[in-house]
Amino acid sequence: MKHERKGLNRSLFWLYEGHGPWPFRFRWLMLAFDFVTIAYFLWAPFEQRGYHHVLIDYVIGVIIAFDYLARLYIARHRLNFFFRPVNLADLVVVVTMLAPLLVSNFAFLRVLRAMRAIRAFTFVRRVKILTPFFQRHEQVIDKVTNLVVFVFIMSALVYATQIGVNPGIHSYLDALYFTVTSLTTTGYGDVLMIGRWGRILSIIIMALGLTLFLQLLKSIIEPNDKVEYECPECGLVMHDRDAVHCKHCGHVVHIPTRGLV
C-alpha cells in the first residue's frame, strides 16, 4: 500500500508515480532527457571520440544510474524489476559509460543504448491521461516503438561487425539501408553481409523483424481487449478492460477508464 512508504521512498514514489505539477514536470524532463540520449547513443558510437565525448558519457551515465537506483528503490517487486530487459539494458549502459576501461567500451555493448527508446515510451505512457489519442492507440504505438528500436539496434550491429571488412558498408546509413531492405525482404542485392556471422545476423534481422512487423499489423487490425495495469499485490500487468479484481490473486484493481464511447 502507498501508506507503507516513508521518507525517501515515499518522496521518490510521489515523484515517479504521483500526481501534481512537480511529478508532471519531472516526467516530461526525463522524457526530454531520454530523447536527447537516444539521439546521442545512435550518433556518438560511430564518430571519433575525444575528451568531450568521454565527459558526456560520464554525465549521462551518472544520471541514468541515479534514475535506475531510484526506480529500483521504489519498486514493489524488485526481482522482477531487475530482470526486465529494459532495466538490464540500463545496467549495461551505465557500465559502458562509467567503466569504459573495464569493458573496453566495445561497440556491441554500446548498441544496447538504443533500448533507452523503450524507456521513453514508458514515460509517455505515464502521462497518457493528457493525450487521449495515445491512450486509444497505445498498443499500436508500443509495437511501432519496438520495431523502430529493433531497426536501430540491428543497424548498429551491422555497422559494428561489417565496417572495415565489408566494401558495401561505409557508414551507419549504409547499415540502416541494409537492415531495412532485409526487413522488408526487398533484397536489392547491392549490399551483402560477409562471413558466417554476417549471414546469421541477416537471418535474425529478417526473422525477428518480420515477427515484430506482423505484431504491429495485428495490433492495428485486431481490437485489443486487454489493458496494462500492474496489480499492487501480485504484479500481474495485463487485465481485462472492465476488470475490478485481479484474476491472479483476486486483489481489487482500480483501472482507469474513459467509460462508454
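This text follows the structure it describes.
Conventions we followed
- Residues numbered from 1 in each chain as written.
- Predicted model: local features only at pLDDT ≥ 70, side-chain atom pairs only at ≥ 80, totals over all residues.
- Heavy atoms only, no water.
- Helix = DSSP H or I, 4+ residues; strand = E, 2+ residues; numbered from the N terminus.
- Areas by Shrake-Rupley, 256 points an atom, 1.4 Å probe, with all protein chains shown as cover.
- Axes fitted to C-alpha atoms, helices over the stretch in contact; angles between N-to-C directions.
- Parallel < 35°, antiparallel > 145°, perpendicular 65-115°, else oblique.
- Contact = heavy atoms within 4.5 Å.
- Nonpolar A, V, L, I, M, F, W, Y, C, P; charged D, E, K, R; others polar.
- Buried < 20%, exposed > 50% of the residue type's maximum accessible area, 1.4 Å probe, protein only.
- Arc of directions from axis to C-beta.
- Phe/Tyr/Trp six-rings, centres within 6.5 Å; stacked < 30°, edge-to-face > 60°.
- Core = buried A, V, L, I, M, F, W, Y, C linked by side-chain atoms within 4.5 Å.

**Q** Please give an account of the overall build of the protein chain that cites residues and values.
**A** Regarding its fold elements, the protein chain presents 12 helices and 2 strands. Seen in sequence order, the protein chain has helices and strands lined up from the N terminus as α-α-α-α-α-α-α-α-α-α-α-α-β-β. Here the protein chain has roughly 15700 Å² of accessible surface; of this, 68% comes from carbon and sulfur atoms.

**Q** Tell me about the packing of helix α1 (residues 7-17) against helix α3 (residues 51-74), and please be specific about residues and values.
**A** Two elements in contact, α1 and α3, have axes separated by 9 Å at closest approach and are oriented at 110°. Here α1 is positioned roughly perpendicular relative to α3, judged by the angle of their axes. Packed against α1, whose contacting residues are Leu8, Asn9, Leu12, Phe13 and Tyr16, the element α3 presents Asp67, Ala70, Arg71, Tyr73 and Ile74 at the interface. Across the contact of α1 with α3, the residue classes tally to 7 nonpolar, 1 polar and 2 charged.

**Q** So, α1: which residues are in play, and what are the values?
**A** The α-helix advances 3.6 residues per turn, and as a result positions three or four apart in sequence lie on the same side. Listed as buried for α1 are Asn9, Leu12, Phe13 and Tyr16. One side of α1 carries all its buried residues, which in axial view fall inside an arc of 105°. Turned more than 90 degrees away from the buried face of α1, the exposed residues are Gly7 and Arg10.

**Q** With reference to specific residues and values, describe the packing of aromatic side chains.
**A** Counted by the stated rule, this structure contains 5 aromatic pairs. Look at Phe82 and Phe83: their rings are 5.2 Å apart centre to centre, the planes differ by 90°, and that puts the pair in the edge-to-face class. On the basis of an interplanar angle of 10° and a centroid distance of 6.4 Å, the ring pair of Tyr177 and Tyr188 is categorised as stacked. Here Tyr177 is found in helix α11 (residues 172-183), whereas its partner Tyr188 is found in the loop between α11 and α12 (196-221), with 11 residues between them in sequence. A relative accessible area of 59% means that Tyr188 is categorised as exposed.

**Q** Can you break down the nonpolar core residue by residue, with the values?
**A** Within the largest apolar cluster, 25 residues are counted, with the highest numbers of intra-cluster contacts made by Met115, Met154, Val158, Phe178, Leu201 and Ile205. Breaking this core down by element, the ones donating at least two residues are α2 (21-43), α5 (85-98), α10 (138-162), α11 and α12. For this core, the leading source of residues is α10, giving 9 residues. Judged by nonpolar contacts, the second largest core, of 16 residues, contains Phe13, Ile60, Ile74 and Val94.

**Q** Let's hear about the environment of Phe178: which residues, and what values?
**A** Among the structural elements, Phe178 can be located in helix α11. Separated by 24 residues in the primary sequence, Phe178 and Met154 have C-alpha atoms spaced 9.8 Å apart. Setting aside residues no more than four positions away along its own chain, Phe178 makes contact with Val158, Val191, Leu192, Met193, Ser202 and Ile205.

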